[in-house]
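This is what each chain is made of:
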Amino acid sequence: MNHPEQMYNYHAWANQTILGRVKELPSSVLSQVVNSSFPTIAHALSHIYAVDKMWYEVLNGTSMPEALQACILLNGEIHGSVDEYIKRFTDLSTQYSEWLRGHADLEQTTLLDNPFAGVRETSLSDIVIHVVNHGTYHRGNVSTMLRQLGHASIMNDYSLFWYQEPAQV
């Protein structure tokens, strides 16, 4: 297994870990308004999913502007249950895992036309690492939101992942 694939497996595990924690709490936690980066935990989860999906499209050859356009509505698609998020994240993780298994050379580059930053050549591995980093950042937001709502979060650090069973995707 290569490093980007290992990091993606961590990302999938960490998403399922935080979703599992939210599922343990009253269902209202998902939609409770919080004064934070996102108005609700559901909004944060939808954002993580939308960005993961957008980058998946880019990895599959869709231009970034097209991928953004195709996935922008997912950012505002708020689901009413944690189970819906679990299913969406699980399905997308399966797609990523299949894609990763089919790409031996993740140092291959692609021309990325980022509407926010410009055009640059970027390796596929850098895109995967960005997906992981973006998810880590926003899982931190979810942890903070849980605390603001009076609930403990759950540890989902990479160092804890080292001691866990691999994510089943």
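Quick summary incoming for the structure in this document. (Residues numbered from 1 in each chain as written. Predicted model: local features only at pLDDT ≥ 70, side-chain atom pairs only at ≥ 80, totals over all residues. Heavy atoms only, no water.)

The next thing to look at is the nonpolar core. Membership of the largest hydrophobic core comes to 45 residues, with the highest contact counts inside it found for L30, I41, W55, V58, Y96, W99 and L146. Where this core is concerned, the elements lending two or more residues are α1 (3-24), α2 (41-59), α3 (64-75), α4 (82-101) and α5 (124-148). Residue contributions to this core peak at 13 residues, all from α2. In contact with L30, not counting residues within four places along its chain, are V22, T40, I41, A42, L45, H79, G80, S81, V82 and Y85. (Core = buried A, V, L, I, M, F, W, Y, C linked by side-chain atoms within 4.5 Å. Buried < 20%, exposed > 50% of the residue type's maximum accessible area, 1.4 Å probe, protein only. Helix = DSSP H or I, 4+ residues; strand = E, 2+ residues; numbered from the N terminus. Contact = heavy atoms within 4.5 Å.)

Let's shift gears to the side chain of H11. Mapped onto the elements of the fold, H11 is located in helix α1. Here D52 takes part through its side chain, which lies 2.7 Å from a polar atom of the side chain of H11. Once residues within four sequence positions are removed from consideration, H11 is found in contact with D52, V131, V132, G135 and R139. (Polar contact = N/O pair within 3.5 Å; in protein donor to acceptor, adjacent residues only side chain to side chain.)

On to the pairing of strand β1 (residues 109-114). Pairing geometry for β1 and strand β2 (residues 118-123), over six bridges, is antiparallel. Looking at β2, one finds that L112 is bridged to R120. Linkage of β1 to β2, two consecutive antiparallel strands, is achieved through a turn of three residues. (Pairing = 2+ DSSP bridges.)

Okay, α1 next. Along its 22 residues, α1 runs 32 Å from first to last C-alpha, staying within 8% of the 32 Å computed at 1.5 Å per residue. Measuring from the backbone nitrogen of E5 back to the side-chain oxygen at the start of α1 gives 2.8 Å, which picks out N2 as the cap. (Expected span 1.5 Å × (residues − 1).)

Overall, the coordinates contain nine aromatic pairs when judged by the stated rule. Between the aromatic rings of Y10 and F161, the centroid separation amounts to 5.7 Å while the plane-to-plane angle is 65 degrees, which identifies the pairing as edge-to-face. One end of the pair, Y10, is in helix α1; the other, F161, is in helix α6 (residues 158-161), with 151 residues separating them in the sequence. With relative accessibility at 4%, the residue Y10 sits in the buried group. Residue classification places F161 among the buried residues on the basis of a relative accessible area of 5%. Each ring, one from Y158 and one from W162, has its centre 5.4 Å from the other, and the planes form 75 degrees; the classification is edge-to-face. The partly exposed category is assigned to Y158, whose relative accessible area is 23%. (Phe/Tyr/Trp six-rings, centres within 6.5 Å; stacked < 30°, edge-to-face > 60°.)

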